[in-house]
Structure formats: C-alpha cells, structure tokens
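Coordinate analysis (summary)
One letter stands for each residue in the lines below.
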Amino acid sequence: MQFESYEAVKKLIDEIADSYDEPSEDQVEKMNRLTGGSWTAENLREYCCDYWSGPFSNSLDATAYALFHDGDFPELDEVELVFWKLKLGVSMDPKTLYEKLRFVKTCSKVKAVEILPVEEIVSCFGEIFSGWEHKKDLALPTFQRIRPQE
C-alpha cells in the first residue's frame, strides 16, 4: 500500500493530534482531499488522537491506513520478544518459564532468571526488524508492522 499523499496524511494526523482539539474546517477539508474520504471533525479527532493515547493504541502508520480505508485498520504483524537466562544451577521447563515471563512482563519478578540488558539486546534486532515500529512503551519489547498486502 503506497499512496502519493501518505506522508502528507501522517503529517496532518500529527498536527491534529498535537492540538487534541477538534480539527479546523481547513484540516478536515485537506484530509478529505488527501484520502478521498468524507471525514467529519469529530471522526478525525477520534482517529488522530487515538494513536497518541497509550500503548494499546494504533500506530501512526495504521491510523493513516485507516483514513484511506474508510476507518478500517490494517491487519498487523506483531512480534513480542521474550528472552531469559536462567541463574546458575536452576532448572525450569522452558514453556512454563516463557508463559510466566509473558504474564509478569519482567525478569525482575522471576527469581530463577538473571536480569539482562534488555535495551542492549533489543538494539541488536534493529536490522532484522527494519521497517517495523518498535513499541517502546510496552512492558516487553514489541515490534509491529502493517501486514503486506497479498
């Protein structure tokens, strides 16, 4: 999916979200022209401000996609990284440990594992996940991208 006005739409989304007020008539008219939609100020505010509102909100790319597709968000690919190192002398079923770490979201709450330099480890994945958004505000390192159209 690539539209000529995609970057302009993302910039306008940021402008609208930045003010957190309903967009002006000019902004609504511009968004409708760029996306071919018939958005209202109320709808635009809802979509544009949503991606700023927290870790479970949609990304800027997904929001732009939705504005081009009548409000339908894209299917996403998501990778949540869970990794650990057991302390010396500790034995634990890997599947059980994995589920526990996914639930508690941190190694510091599981006495059987060592504390790891998570940011340093995640930075090594940069090349593998180029083109993916790193959702840094989530408890576990998570990467997302809009699923490529088939």
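Residues numbered from 1 in each chain as written. Predicted model: local features only at pLDDT ≥ 70, side-chain atom pairs only at ≥ 80, totals over all residues. Heavy atoms only, no water.

A few words now on the overall build of the chain. In terms of helices and strands, the chain carries six helices and three strands. Relative to the compact-globule value of 15 Å for 150 residues, the chain shows a C-alpha radius of gyration of 20 Å, a clear excess of over 25%. Counting only C-alpha atoms and orienting by the principal axes, one finds that the chain spans roughly 65 × 35 × 25 Å. Counting across all 150 residues of the chain, residues that qualify as buried make up 34%. Taking all contacts inside the chain whose residues are at least 6 apart in sequence as the whole, residues at least 24 apart take part in 58%. A total accessible area of about 9800 Å² is found for the chain, and carbon and sulfur atoms account for 49% of it. (Helix = DSSP H or I, 4+ residues; strand = E, 2+ residues; numbered from the N terminus. Rg over C-alpha atoms; globule rule 2.2 N^0.38 Å. Buried < 20%, exposed > 50% of the residue type's maximum accessible area, 1.4 Å probe, protein only. Contact = heavy atoms within 4.5 Å. Areas by Shrake-Rupley, 256 points an atom, 1.4 Å probe, with all protein chains shown as cover.)

This part is about the nonpolar core. In terms of nonpolar packing, the biggest core is built from 19 residues, with V9, I13, I16, M31, W39, L44 and L67 touching the most fellow members. Elements with a minimum of two residues in this core: helix 1 (6-19), helix 2 (25-35), helix 3 (41-50) and helix 4 (60-68). When residues in this core are grouped by element, the largest group, six residues, is from helix 1. Not counting residues within four places of it along the chain, the set of residues in contact with M31 comprises V9, L12, I13, I16, G36, W39, L44 and L67. Among the nonpolar cores identified, the runner-up in size contains seven residues, and V82, V110, A112 and V113 belong to it. (Core = buried A, V, L, I, M, F, W, Y, C linked by side-chain atoms within 4.5 Å.)

Right, let's get into the sheet that holds strand 1 (residues 76-80). Pairing is antiparallel across the open sheet formed by three strands, whose spatial order is 1-3-2. Strands at the two margins of the open sheet, each flanked by one partner only, are strand 1 and strand 2 (133-134). Direction of pairing for strand 2 relative to strand 3 (residues 142-146): antiparallel, over a ladder of two bridges. Looking at the pairing, H134 lines up with F143 of strand 3. (Pairing = 2+ DSSP bridges.)

For the rest of this paragraph, the subject is the pattern of salt bridges. This structure, assessed with the given rule, holds three salt bridges. Close ionic contact of K10 with D61 constitutes a salt bridge, the shortest N to O distance being 2.9 Å. Residue K10 is located in helix 1, and its partner D61 is located in helix 4; the two are separated by 51 residues in the primary sequence. By relative accessible area, D61 is classed as partly exposed at 31%. In this structure, R145 and D77 form a salt bridge, with 3.1 Å as the shortest nitrogen-oxygen distance. Placement of R145 in strand 3 and of D77 in strand 1 is noted, with a sequence separation of 68 residues between them. Counted as one network, the salt bridges with shared partners bring together E7, K10 and D61. (Salt bridge = Lys/Arg side-chain N within 4 Å of Asp/Glu carboxyl O.)

Our next topic: a negative patch on the surface. Together, D21, E22, E42 and E46 make up a region of like negative charge exposed at the surface. If you trace the backbone, D21 turns up in the loop between helix 1 and helix 2. (Patch = residues over 30% accessible without salt bridge, like charges linked within 9 Å, V, L, I, M, F, W, Y side chains within 5 Å. Lys, Arg positive; Asp, Glu negative; His and termini not counted. Charge placed at Lys NZ, Arg CZ, Asp CG, Glu CD.)

Now for the environment of C49. Its place among the elements puts C49 in helix 3. Overall, the relative accessible area of 4% leaves C49 in the buried class. The contact partners of C49, leaving out residues within four places of it in the chain, are I16, A17 and Y20.

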